[in-house]
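Take a look at the letters that make up each chain.
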Amino acid sequence: NAGVTQTPKFQVLKTGQSMTLQCAQDMNHNSMYWYRQDPGMGLRLIYYSASEGTTDKGEVPNGYNVSRLNKREFSLRLESAAPSQTSVYFCATDRGSDTQYFGPGTRLTVL
Amino acid sequence: AQSVAQPEDQVNVAEGNPLTVKCTYSVSGNPYLFWYVQYPNRGLQFLLKYITGDNLVKGSYGFEAEFNKSQTSFHLKKPSALVSDSALYFCAVEGVGRSFGNEKLTFGTGTRLTIIP
C-alpha cells in the first residue's frame with residue numbers, strides 16, 4: 001500500500017518547455033488535488049477533481065491543465081513553463097470531505 | 001472568503017518545555033480544522049482534526065489542539081517538546097457544508113518549529 005505517489009521527484013525545465021506531473025493513489029479515494037507550495041505562502045490549490053471524470057479550478061489555475069485519467073490517477077500539465085511556476089508541487093487525496101493524504105512532492109525549477 | 005492566520009513564522013522552544021503553535025481562522029458557519037506537519041523534503045502529514053464535539057482534540061505524537069469558538073482559534077500544543085518535533089506546521093480550515101465549487105481546504109502560511117536541545 002503505497003498511498004499517494006508522485007513522479008518525477010525533481011525536474012528542471014527551460015522557459016517554454018512542457019511537462020506532465022503524475023500522481024497516483026491506491027487509497028480508493030474519490031477526490032484528488034494539486035497544490036503548489038511556495039515560501040511564505042503555504043499551500044495553494046491549483047486544481048481538484050471531486051470524482052473520476054470531473055475537474056475544477058482552484059485558487060491558482062492559470063498556466064496549468066489537469067486530467068483525471070481514472071479513479072487512481074490525476075495528472076498536472078504545464079504547457080509552456082514559466083519561471084513563476086518554479087515551486088514544489090503536491091498531490092493529495094481524500095474521500096470527499098475530511099483528512100487529506102499527501103504525496104511526497106515534485107520539486108520543479110524553471111530556468 | 002475563509003482564511004487562516006499563523007502569526008508566527010518561527011517558534012523556538014527548549015527540549016522538554018511545553019510548546020504552542022498559534023492558529024486563528026475565519027470561516028462562514030462551523031469549521032473543520034486541521035493541523036498538518038511537514039518534515040524536510042516530505043509531503044504534509046496529518047496530525048489532528050476538529051470536526052465537532054470535545055473542544056480538546058488529541059492527535060499523533062502527543063500533540064493536542066484546543067478549539068475556541070469565541071476566539072476563532074485552534075492552537076496546537078504539546079506538554080513536553082522533543083527535538084524530533086522540529087518541522088514545519090500548517091493549520092487548515094474548511095467550512096462545514098461546503099460543496100465543490102465553494103470554499104475548499106485553506107492552509108495557513110506555516111510555522112517553523114525548532115526544538116533546541
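See the structure above.
Residues numbered from 1 in each chain as written. Chains lettered and ligands numbered in written order. Predicted model: local features only at pLDDT ≥ 70, side-chain atom pairs only at ≥ 80, totals over all residues. Heavy atoms only, no water.

Q: Any chance you could explain the overall build of chain B here in plain terms?
A: When you go through chain B residue by residue, the secondary structure sums to zero helices and twelve strands. In chain B, the succession of α and β elements from N to C terminus is β-β-β-β-β-β-β-β-β-β-β-β. Taken over the C-alpha trace, chain B has a radius of gyration of 14 Å; the compact-globule value for 117 residues is 13 Å, and the two agree within 12%. When the backbone C-alpha atoms are referred to their principal axes, chain B occupies close to 45 × 30 × 20 Å. A burial count over chain B gives 44% of its 117 residues as buried. A separation of at least 24 residues holds for 59% of the contacts in chain B among residues at least 6 apart in sequence. When the accessible area of chain B is evaluated, it comes to approximately 5500 Å², of which 48% is carbon and sulfur surface. (Helix = DSSP H or I, 4+ residues; strand = E, 2+ residues; numbered from the N terminus. Rg over C-alpha atoms; globule rule 2.2 N^0.38 Å. Buried < 20%, exposed > 50% of the residue type's maximum accessible area, 1.4 Å probe, protein only. Contact = heavy atoms within 4.5 Å. Areas by Shrake-Rupley, 256 points an atom, 1.4 Å probe, with all protein chains shown as cover.)

Q: Mind showing me how you'd approach the pairing of strand β11 (residues 106-110) of chain A here?
A: Residues and elements named next belong to chain A. Alternating residues of β11 divide into Thr106, Leu108 and Val110, all buried, and Arg107 and Thr109, none buried. Bridge count between strand β2 (residues 10-13) and β11: four bridges; the pairing is parallel. Among the inter-strand pairings, Val12 is bridged to a residue of β11, identified as Thr109. The pairing of strand β9 (residues 87-94) with β11 spans three bridges and is antiparallel. If you follow Tyr89 over to β11, its bridge partner there is Thr106. (Pairing = 2+ DSSP bridges.)

Any functional reading would require information beyond the geometric quantities listed.
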